[in-house]
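One letter stands for each residue in the lines below.
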Amino acid sequence: MISYDRQAGGSRPLPACPTPPEQQLTPLDTALSVSGLRKSYGDRQVLKGVDFAVAPGELVVLLGANGSGKSTALRCVVGLAEADAGEIRLAGRRLRGLGGAELAKARRAAAMVFQQIHLVRRRSALDNVCAGGLAGLPLSRSLAPAFFPRELRERAMACLQRVGLADRAHDRAGSLSGGQQQRVAVARALCQGAEVLLADEPVSALDPAAATQVMALLAELARRDGLAVAAVLHQPDLAREHADRVIGLVDGEIRLSCHASALSESDIDALYQSEDS
Amino acid sequence: MTTTERPRVPVPARDRKPFYLGVVVVAVVLGAAHVGAWRVTEFSPGALVDGWHGMIRFLGEALPPDLDWASVVQPGLEACLTTLAIGLLGTTLSVPAALLLAVLGTRGRNRVVYQVSRSVMSLLRAVPDVVFALIFVTAVGLGPFAGVLALICHNVGVMGKLWSEAMEEVDPGPADALRVAGARESQVVANAVLPAVVPSLVGLLLYRFDVNVRSSLVLGLVGAGGVGFLINQSIQLFAFDEMATYILMVLVLIIAVDLLSAAVRRRLAE
Ligand SMILES: Nc1ncnc2c1ncn2[C@@H]1O[C@H](COP(=O)(O)OP(=O)(O)OP(=O)(O)O)[C@@H](O)[C@H]1O
Ligand SMILES: [Mg+2]
């Protein structure tokens, strides 16, 4: 049973932030649940037993100072980093114990977008979106966009339409604005067919208008399309505006978990207060 | 003057003393190396000054160049085409093997595969194309074919190395994004790595074509056909005026290839 109670064992008193009762989710309700996640780089413990969960239909925002381990937590979920310990469930499946093709298949339930967007700039928006759906295609159909099956191209077109960029399908990705590129990246994640969408600082490089647009899109993907969305942000105001819940990380531990509407200034100050100040 | 004068602030002393001894040691070692090199190469400006009339005689025989169409210019032009053809085939036919070794020899893959392909490339690079040419001449006889084979072998090593370095420099982000989406390694290479590096790979390919045309001249000197072969022949027959014609042709050929590849590379870089 996962609860969003304050984490025990923190060295600092937790902010008074009530846990919403309706958020007492069981692993079966959640699309993503992480418990006891630990990760060290060399001697440096980056994640010290992190628990959190995201249910279908909600947008959870992760806040925390630079280096608190937010990116590492997301990278462990999608397999870009290897967790030392802990349990990850994606779409009801435990990742531990799975290997090879089964693990790859289970991991496909989570898609990710990045601050640096990571599109192939020379390719068209549509071709970039198609690349999200390559898994399972034979190599002969995936060597170049010209060989992509029509079914994939049409699915990708639907994803582009979902993010409002159907009319830019054939434009080079590099020629789009930052906000448009990030929406193409979201479409690529959608084309993967994942139930869980992770976003690592998706709006940090965008201007305020584009940032609001992308955050509104993520919130809509949660509420209308029923995705479980977790986004790392550095803007508490955007979190208040768009998120359902907010989770705060301090030095690799979760120190805060509350309704976005209940997020107070003192909670935020506690998150960004550095140890040595 | 509207700029405000800032007060001076003394520079705080640094803990670490500059390491003068190290500078002195490096200077002494470098100096000794150059003195040694001077001796080993029998470097002697005096000999050059004393022998100037040898050079004048040589140039006198070489000038004016022999421009007889049937016996010199026409065979020379044909040989230039052969030289160009050796360089072209030697470059193009080395593409598949170079690409494979470059992909396998990019850091971040299986360590054994990485080390093996790096070693193969180093070996091919370490053996000069002239040596490869001498080896292949024993197999397929004198002629341009031996030259092509030699260029392929050497060029696979060099171009594979250049290409794998270009691939290592590429931003790993798009590749990570596709890995998260469940793409296999071959799909990641085809859809994230290659599209990002193809312009620089083509640029390096053109640069190698340029170098290979020049190498095929040298290969001609050891019997692999082309205009280099004619130069060698005319020197052996003391026909220095013929040789001068061929060298002029080579100059034109090399400048043309150089300009062409530079122009294409400039277009690609835009
Ligand atoms: N590949 C790595 N190798 C070594 N240390 C790493 C690696 N990745 C992250 N770290 C370290 O882990 C710690 C947490 O990094 P992480 O990127 O998760 O922080 P973050 O919360 O995302 O910070 P930011 O807000 O700056 O993105 C940092 O101290 C970082 O130096
Ligand atoms: Mg980060």
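It should be noted that the structure appears before, not after, this text.
Attention here is on the structure that accompanies the text. (Residues numbered from 1 in each chain as written. Chains lettered and ligands numbered in written order. Predicted model: local features only at pLDDT ≥ 70, side-chain atom pairs only at ≥ 80, totals over all residues. Heavy atoms only, no water.)

1. Points about the overall build of chain A
At step 1: The helix and strand inventory of chain A stands at nine helices and 10 strands.
At step 2: Every one of the 277 residues in chain A was classed for burial, and the buried ones make up 53%.
At step 3: For chain A, long-range pairs separated by at least 24 residues make up 69% of all intrachain contacts whose partners lie at least 6 apart in sequence.
At step 4: Accessible area for chain A stands at about 11800 Å²; split by element, carbon and sulfur atoms hold 48% of it. (Helix = DSSP H or I, 4+ residues; strand = E, 2+ residues; numbered from the N terminus. Buried < 20%, exposed > 50% of the residue type's maximum accessible area, 1.4 Å probe, protein only. Contact = heavy atoms within 4.5 Å. Areas by Shrake-Rupley, 256 points an atom, 1.4 Å probe, with all protein chains shown as cover.)

2. Let's talk about the pattern of salt bridges
Note on pairing: side chains with opposite charge can pair once their charged atoms come close.
At step 1: Under the counting rule described, the total for this entry stands at 21 salt bridges over all chains.
At step 2: A salt bridge links Arg96 of chain A to Glu87 of chain A; the nearest nitrogen and oxygen atoms lie 3.2 Å apart.
At step 3: The salt bridge involving Arg224 of chain A is made with Glu220 of chain A; its shortest N-O contact spans 3.7 Å.
At step 4: Owing to a relative accessible area of 64%, Arg224 of chain A belongs among the exposed residues under this scheme.
At step 5: Several salt bridges share partner residues, and in doing so they unite Arg75 of chain A together with Asp176, Arg179 and Glu185 of chain B into one network. (Salt bridge = Lys/Arg side-chain N within 4 Å of Asp/Glu carboxyl O.)

3. A closer look at the site of ligand 1
Residues and elements named next belong to chain A.
At step 1: Inspection of the region around ligand 1 gives 13 residues, with Gly67, Lys70, Ser71, Thr72 and His234 positioned closest.
At step 2: One of the backbone N or O atoms of Gly67 is found 2.8 Å from an oxygen atom in ligand 1.
At step 3: A distance of 3.2 Å separates an oxygen atom of ligand 1 from a polar backbone atom of Ser68.
At step 4: Taken by itself ligand 1 offers 630 Å² of open surface, and the protein chains cover 61% of this.
At step 5: Looking at the shell around ligand 1, the elements with two or more residues in it are strand 2 (44-54) and helix 1 (70-78).
At step 6: Top element by residues in the shell around ligand 1 is helix 1. It accounts for three residues.
At step 7: In terms of residue class, the shell around ligand 1 is built from three nonpolar, seven polar and three charged. (Near = heavy atom within 4 Å. Polar contact = N/O pair within 3.5 Å; in protein donor to acceptor, adjacent residues only side chain to side chain. Nonpolar A, V, L, I, M, F, W, Y, C, P; charged D, E, K, R; others polar.)

4. Topic: the pairing of strand 2 of chain A
Residues and elements named next belong to chain A.
At step 1: Direction of pairing for strand 1 (residues 32-41) relative to strand 2: antiparallel, over a ladder of eight bridges. Bridging across to strand 2, Lys39 finds its partner in Leu47.
At step 2: What sits between strand 1 and strand 2 in their antiparallel hairpin is a turn of two residues, with Gly42 showing a positive phi close to 60°. (Pairing = 2+ DSSP bridges.)

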